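# Summary of the model geometry
Chain by chain, the residues:
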Amino acid sequence: MKKILSIAFALMLALGANAQLDRSKRPEPGPAPKLDFGKYKLYELKNGLKIIVVEDHKLPRLSMNLIVDRDPIQEGDKAGYVSLAGEMLRQGTTNLNKSQLDEEIDFIGANLNTGSASIYTSGLSKYAEKLFSLTADVALNPSFPEEEFEKLKKQTISGLESAKDDPSAVSTNAFNAVLYGKDHPYGEMTTVSTVEKVSLEDCKTYYSNYWVPNNTYIAVVGDIKAKDAKKLIQKYFGEWEMGNVAENVFEKPAEPAATGVSFVNKSSSVQSVVALGNVIELKPGAEDVIKLQLANQILGGGSLGRLFQNIREDKGYTYGAYSSYDDDELIGEFGAQASVRNEVTDSAIVEFLAEFKKLQTEPVSEEELEGAKNYIIGSFGRSLESPQTVARFALNVQRYNLDEDYYKDYLTKLQALTAQDVMDAANKYIKTNAMHIVVVGKGTEVAENLKQFGTVTFYDEEGNETGPPSTPIPAGLTADSVVNMYIKALGGKENLNKVKDVAIYYSATIPGAPMKISAVSMKKRPNKFKMELSAEGMGTLNKTIFDGKKASMSGMQGAQDIEGKELEEIKKQGEFYPELNYLSDQYTLKLTHMDKVGEEEVYVMEVTDKEENTSVEYYSAKTGLKLKEESTEEGPQGPMTVSQSYGDYKEVKGVKFPYSMTLEQGQQIKFTATEIKVNSGLKDSEFTK
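Every value quoted in this text rests on a predicted model; they were computed, and no experiment measured them.

### What about the overall build of the protein?
What the protein contains, in helices and strands, is 20 helices and 26 strands. For the protein, the C-alpha atoms occupy an extent of roughly 90 × 65 × 60 Å along the three principal directions. Residues counted as buried form 48% of the 689 residues belonging to the protein. At a minimum sequence separation of 6, the contacts of the protein that also span at least 24 residues come to 68%. In the form shown here, the protein has an accessible surface area of approximately 34,700 Å², with 49% of it arising from carbon and sulfur atoms. Counting 79 positive and 101 negative side-chain charges, the protein places the centres of these two groups 4 Å from one another.

Shown next as C-alpha cells:
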C-alpha cells in the first residue's frame, strides 16, 4: 500500500500542483501486471507418487491435499457407490476405529476430510508428522466398517428423498441428464433405488481399483521446508504399492438437432428454475479458455453481467441471473440459470436467448471490455495472495500438461483480447440454435408457453420421461367431490366429529442425528394443541403449546410467548380436521389436474384460505386419502417449498390416521407413529405453560 501511495504522490508532483484530471475520459489501460507466483518444489517417489510443496512460513500452519487423478466413472444402476466410498475412508482405519480417529484429529486441533478422489488435511505445523501419519493411515489403510456404511447409506437415501422437493437440486440433476445423457458419467443420476443397490464390496472394489500412488498427487502448503515434507511423505507413503491405473473412455454426448425444452413439473411451485446450456469441447489450458472466461464475465459472471442487469435490474424477474462454463478433459459445458416467477418464465427465457445472440452479433463496447478485464485481473491478483493458489496452479500444470509459463502469461494474453475475440468465443461455445432449456416449475401455469422455444418433453425428478402434467380430470369430478371422498375415506363426518381429543406418539428420524428422537402431538377440542420434540440424553428440544388463547414455545434456546402471525399459524395447527370446513366460505378450492405421487395417481387441488395462503394438496384417486400437501414460504434465499407426505393409514376408533409422515423444509424429518390414542380424556393441564 505504501508503494502505491508513493507512486501516486510522485505522479501528482510531476503533473504540477494545479493540474486537473480529465474525468470525462476513461484512463488508458496499463500493461498486464507482471506476476510473481512464488516458488514450489516438485518431487516424485519411486512408487510414482508426485509431490508439490509450497513453503509459507508466515503462520505456523500446514495443509495437505491428496488428489487421485482418475478418469470419470460410470456407476450404472449402483450410482452413488463412488461417493459413499469416499465418505467411508473417514470412518476408520485398520489401526484406528472411527472414534479413535476422531479423537486423534481433535486432540491436535486438525481437520481431515475425505472425498471419492481426495483427502484434505490441515492443522498446526508443529504437528506435521502427526498430520502426515494420520493422512497416510486414512489413505492406505481404510477399514470400511459395515456399521458405518449402513449409517452413511441411510443418510444418503434421506438426503436424496429430501432433494426431490428442492427445485434447484431437481434442476441440476435434470440439466445434467439431458445435457450429457443418463448413460454418461456426468449425466447419470444418483437415486434412492441406485443407492439401495450399493454394497460395501462395491466401495472396496472402487478403492482398490483407483487409489494407487502412481495416479496420485500430494500438494503440501505451509510452514514446512520442502525437503522435510518430502522426507515425511517418503516415510509414510513410500511403501504404498504401485497398481494398474484404470482408464475409462466415453463417447461424446449427442447434441440436439434443435433447441428443445425439458420440463419437470412441481405443482406447488410459485417460481420456475430455468437453466439453459450445451456441451462444449474445451480442455484445460486451451487457447480459447481465456476468451470464453472474458465472454462469460461480460455475459453473466456476476452482478455487473448483462444477464443480471437485464433480467433482475431491468425486468425484475429474478433475484439473480448468471452464466458459467466448465473446461474439462472429457467434455465441458456452458450454462446459464435463474429462478423466476411462474408468470414470466417464458419472458425470462426470451431475454436469456436475446443476450446470447447480442453477444454473438454485436461487438462489446471498449468500456465493457476493459471493465471485464479489470475484474478478472483483480480477482486473479487477489487469488495469488494465497499460497494455496500457487499449489493449485502447480497441480494443474502437472495434471493437464500445461506449459510451465501458462499462468505467468495468463493476464498478458487476457489484455490482448479484443471485442472480436469475445464474439468468436460466444459463437463457438454458445449454441443458441441447438440448446437445452430445462425448466422446473408448475406445469399448468408454465408449460404451454414454452412451446415457442421447441418441443417440450416432460420428466420426473429422477429424469424419467413422463407425459404432460395436466392429465385431464374425469368428467363430473369437482373439488367438492374430492373433499367429500377424503372425509368419507377417513371415516365419515359423524365419526370425525366424535373425536374430542387425540394423542399421537412418534419416533422421528433426522438425517445426521446420532441419538433417538421422539415426538408427541396432542389436540383437544375445540382448538388446544401441543407438539413436543425430544432427544435421548438431551431432553426436550422444542415444545409448542396453545391453550386455546395463548401460545408459547420452549426448548434448548429458552422460552418465549408466540404472538402475531405466528400465533395465527399455531391456532390452525389446533384445528380438528380443517377439511370439514373446506366447503364453507372460509376457503377457495381449485381442482387443477391429475398427477402422481410415487406410482399412485392423485387429484391435485389448490386450497386458499381467507388470508390468501395457498397450499397444493394431493388426494389418492384410488383411496381418496390425502398423500401430500405443499406450501411456499419465504426463506433467506427466496421462496422455498415446504411439504408434508402421509402414508400407512390405519383405523383407530372408526377414524383413519396416517402412521407415517415426512416433513420437508430444507431438511427431511420422518415421523412414524408408535401409538395413537383417541378420546383418552386429555386434561387441560397438558396444554398449559
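Read on for the rest.
### Structural notes on the packing of helix α10 (residues 288–300) against helix α13 (residues 366–383)
Running from N to C, α10 and α13 point in directions that differ by 110°, and their axes come no closer than 9 Å. By the angle between their directions, the pair α10 and α13 is classed as roughly perpendicular. Residue-level inspection shows Gln293, Leu294, Gln297 and Ile298 of α10 in contact with α13, the latter providing Glu368, Leu369, Ala372, Lys373, Tyr375 and Ile376. In terms of residue class, the contact of α10 with α13 is made up of six nonpolar, two polar and two charged.

### Quick notes on the pairing of strand β25 (residues 655–664)
Note on strand geometry: in a regular strand, side chains alternate between the two faces of the sheet. Where burial is concerned, most of β25 is hidden: seven out of the ten residues are buried. The pairing of β25 with strand β26 (residues 668–678) spans five bridges and is antiparallel. Considered in β26, the bridge of glutamate 664 is made with glutamine 668.

### Overview of the pattern of salt bridges
On inspection of all chains with the given rule, the structure shows 36 salt bridges. Residue lysine 291 is joined to aspartate 288 by a salt bridge in which the shortest nitrogen-to-oxygen separation is 3.7 Å. Separated by three residues within a single helix, lysine 291 and aspartate 288 lie in helix α10, roughly one turn from each other. The pair formed by lysine 291 and aspartate 288 is uniform in burial state, with each residue classed as buried. Across the salt bridge formed by glutamate 494 and lysine 498, the nearest N and O atoms sit 3.9 Å from each other.

### Some details on empty space enclosed by the protein
Scanning all chains against the criterion turns up one cavity of 30 Å³ or more. In this structure, the largest cavity spans a volume of roughly 30 Å³. Lining of the largest cavity is provided by Leu179, Ala254, Glu255, Pro256, Asn278, Val279, Ala434 and His436. Residues belonging to the lining of the largest cavity are distributed by class as follows: five nonpolar, two polar and one charged.

### Some thoughts on the sheet that holds strand β6 (residues 216–222)
A sheet is described by the order of its strands in space; here six strands give the open sequence β1-β2-β6-β3-β5-β4, paired in mixed fashion. Lying at the two open borders of the sheet, with one neighbouring strand each, are β1 (41–44) and β4 (111–115). Across the sheet, the mean angle separating the axes of adjacent strands is 10° when strand polarity is ignored. Bridge count between β4 and strand β5 (residues 118–124): five bridges; the pairing is antiparallel. Considered in β5, the bridge of leucine 112 is made with threonine 121. Sheet contacts for helix α14 (residues 387–399): β1, β2 (50–55), β3 (61–68), β5 and β6; angle to β6, the most-contacted strand, approximately 160°.

### Concerning the side chain of threonine 216
Within the fold, threonine 216 resides in strand β6. Discounting residues that sit within four places of it in the chain, threonine 216 has contacts with Gly48, Leu49, Lys50, Leu66, Ile67, Val68 and Trp240.

### Brief notes about the layout of surface pockets
By volume, the second largest pocket amounts to about 1,200 Å³. Mapped onto the lining of the second largest pocket, the elements with two or more residues apiece are α7 (192–196), β7 (260–265), β12 (456–459), β20 (587–597), β23 (626–635), β24 (638–652), β25 and β26. Here the element with the most residues in the lining of the second largest pocket is β20; it accounts for four residues. The residue inventory of the lining of the second largest pocket, partitioned by class, reads eleven nonpolar, 13 polar and 15 charged.

Parameters at a glance
Residues numbered from 1 in each chain as written. Predicted model: local features only at pLDDT ≥ 70, side-chain atom pairs only at ≥ 80, totals over all residues. Heavy atoms only, no water. Helix = DSSP H or I, 4+ residues; strand = E, 2+ residues; numbered from the N terminus. Buried < 20%, exposed > 50% of the residue type's maximum accessible area, 1.4 Å probe, protein only. Contact = heavy atoms within 4.5 Å. Areas by Shrake-Rupley, 256 points an atom, 1.4 Å probe, with all protein chains shown as cover. Lys, Arg positive; Asp, Glu negative; His and termini not counted. Charge placed at Lys NZ, Arg CZ, Asp CG, Glu CD. Axes fitted to C-alpha atoms, helices over the stretch in contact; angles between N-to-C directions. Parallel < 35°, antiparallel > 145°, perpendicular 65-115°, else oblique. Nonpolar A, V, L, I, M, F, W, Y, C, P; charged D, E, K, R; others polar. Pairing = 2+ DSSP bridges. Salt bridge = Lys/Arg side-chain N within 4 Å of Asp/Glu carboxyl O. 1 Å grid on protein atoms, 1.4 Å probe; cavity = no way out; pocket = protein on both sides within 12 Å on 5 of 7 lines; lining within 4 Å. Points joined across faces, edges and corners; volume = space filled by probe spheres on them.

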